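Structural description and commentary
Below are the chains, spelled out letter by letter.
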Amino acid sequence: IHHNTGKTEAGAYESTCHLTGDYPHWWEGWQPNRPIRMWAAGETNETTRDIIQKKLLGEVAYSGQRKGVDGSGMIPAQFIVQDSITWKAGVPDLIDTLKIKHKLGGLSTLGFKAYSQGRGSMQGTEQDFVWVDEEAPIDVYNEMLLRLMTTGGRAILTFTPLNGQTELVESFEESVAR
């Protein structure tokens, strides 16, 4: 896959389907029939905010004194629970977590992560779905996979292997060869 081929767009689209439960009629992939817990992760807090958060939720906006998002991203505005948004301390305009309305009722939880924070920042909670945009260090990726084990969840990665034969890239080549 080459640069600017829509990898991030595709990751945002699949994430939106899982968070909202709103799938196209032709969808044949994994489809949980309930709200999910999801992480969207980028390389740094800033790239997570400027690329992933913006792609999913649109621009940070104010409604009176309340800070939220304008809903101009992939997730339709009517699915975003503005009052549920918590902001990450120390990083201007980066969302920590928020709730997304699910078509079948209930709320999905979306959290934003940066793998520059290290493997330790990924510990703890079970997740149903993880989207990794740009290549993560192998220890961070493995920690994210652990979060999916008990739920039978899924992970998608959207990146061009610019760093060549890294341990992460080799792990996929090994699994294809088996």
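Overview of the structure. Throughout, residues of each chain are indexed from 1 in the direction in which the sequence is written. Selection of residues for local features in this predicted model requires a pLDDT of at least 70, selection of side-chain atom pairs for listing and counting requires 80 or more, and totals for whole chains, interfaces and linings are taken over all residues. Hydrogens and waters are ignored; side-chain quantities use all the structure's heavy atoms.

1. Re the pairing of strand 5 (residues 95–101)
Between any two strands, at least two bridges found by DSSP are needed for them to pair. Numbering of helices and strands runs from the N terminus; a helix is a DSSP stretch of H or I covering at least four residues, while a strand is a stretch of E covering at least two. Taken together, the 4 bridges between strand 4 (residues 80–87) and strand 5 define a ladder with antiparallel strand orientation. Note that in strand 5 the partner of Thr-86 across the bridge is Thr-97. Pairing analysis gives 5 bridges linking strand 5 to strand 6 (residues 107–114), with the strands arranged antiparallel. The residue of strand 6 that forms the bridge with Thr-97 is Gly-111. The antiparallel hairpin formed by strand 5 and strand 6 contains 5 residues in its connecting segment, where Gly-105 sits at a positive phi of about 100°.

2. Some points on the side chain of Thr-16
With respect to the secondary-structure elements, Thr-16 resides in helix 1 (residues 7–20). Relative accessibility decides the category of a residue: with a 1.4 Å probe and only protein chains considered, values under 20% of the type maximum give buried, values over 50% give exposed, and everything between is partly exposed. Residue classification places Thr-16 among the buried positions, given a relative accessible area of 7%.

3. Focus: helix 1
Helix span, expected: 1.5 Å multiplied by one less than the number of residues in the helix. Look at helix 1: 20 Å from first C-alpha to last across 14 residues, which is about the 20 Å you get at 1.5 Å a residue. Across the 14 residues that make up helix 1, a large majority, 11, are buried. Those residues of helix 1 not exposed but buried are Lys-7, Thr-8, Gly-11, Ala-12, Glu-14, Ser-15, Thr-16, Cys-17, His-18, Leu-19 and Thr-20. Contacts from the buried residues of helix 1 go to strand 1 (37–42), helix 2 (45–57), strand 5, strand 6, strand 7 (129–133) and strand 8 (154–158). In this analysis, two residues are considered to be in contact whenever any of their non-hydrogen atoms come within 4.5 Å of each other.

4. Digging into the packing of aromatic side chains
Between 30 and 60 degrees the pair is tilted, below 30 it is stacked and above 60 it is edge-to-face, where a pair is any two Phe, Tyr or Trp rings, Trp via its six-membered ring, whose centres lie within 6.5 Å. Scanning all chains against the criterion turns up 3 aromatic pairs. Ring centres of Tyr-23 and Trp-27 lie 5.6 Å apart, and the angle between their planes is 45°; this geometry places the pair in the tilted category. You'll find Tyr-23 and Trp-27 in the same group, each marked buried. Their ring planes at 15° and their centres at 5.9 Å tell us that Trp-30 and Phe-129 sit as a pair that is stacked. Of this pair, Trp-30 sits in the loop between helix 1 and strand 1 while Phe-129 sits in strand 7; the two residues are 99 residues apart in sequence, bridging distant segments of the chain. For Phe-129, a relative accessible area of 0% puts it in the buried group.

5. Quick look at the sheet that holds strand 6
Strands in a sheet are paired, the pairing made by backbone hydrogen bonds, and the direction either parallel or antiparallel. Ordered in space as 4-5-6-1-7-8, the 6 strands form an open sheet in which the pairing is mixed. Looking at the sheet topology across the chains shown, the edges are occupied by strand 4 and strand 8. On average, each strand axis in the sheet is inclined to that of its neighbour by 15°, with strand direction left out of account. Convention adopted: a line fitted to C-alpha atoms gives each axis, helices being fitted over their contacting stretch, and angles between N-to-C directions are expressed from 0 to 180 degrees. Packed on one face of the sheet, helix 1 meets strand 1, strand 5, strand 6, strand 7 and strand 8 and runs near 165° to strand 7.

6. Structural notes on the packing of helix 1 against helix 2
Two numbers describe how helix 1 lies on helix 2: the axes approach to 10 Å, and their chain directions differ by 50°. Put simply, helix 1 runs oblique to helix 2. The handedness of the crossing between helix 1 and helix 2 comes out as right-handed. In this structure, helix 1 contributes Thr-8, Glu-9, Ala-12, Ser-15 and Thr-16 to the contact, and helix 2 contributes Ile-51, Lys-55 and Leu-56. To sort the angles, those under 35 degrees are grouped as roughly parallel, those over 145 as roughly antiparallel, those from 65 to 115 as roughly perpendicular, and the leftovers as oblique. Take the far helix as the reference: if the near one is turned anticlockwise from it by less than a right angle, the crossing is left-handed, and if turned clockwise, right-handed.

7. Considering the nonpolar core
Among the nonpolar cores identified, the biggest contains 23 residues, and Leu-56, Leu-57, Ile-75, Leu-98, Leu-110, Phe-112 and Trp-131 are the most heavily contacted of them. Among the secondary structure elements, those contributing two or more residues to this core are helix 1, strand 1, helix 2, strand 4, strand 5, strand 6 and strand 7. Setting aside its immediate chain neighbours within four residues, Phe-112 contacts Ala-40, Thr-48, Ile-52, Gln-53, Leu-56, Leu-57, Lys-88, Leu-94, Ile-95, Asp-96 and Leu-98. We define a nonpolar core as any set of buried Ala, Val, Leu, Ile, Met, Phe, Trp, Tyr and Cys residues linked to one another through side-chain atoms lying within 4.5 Å. Among the nonpolar cores identified, the runner-up in size contains 11 residues, and Val-132, Ala-136, Tyr-141 and Met-144 belong to it.

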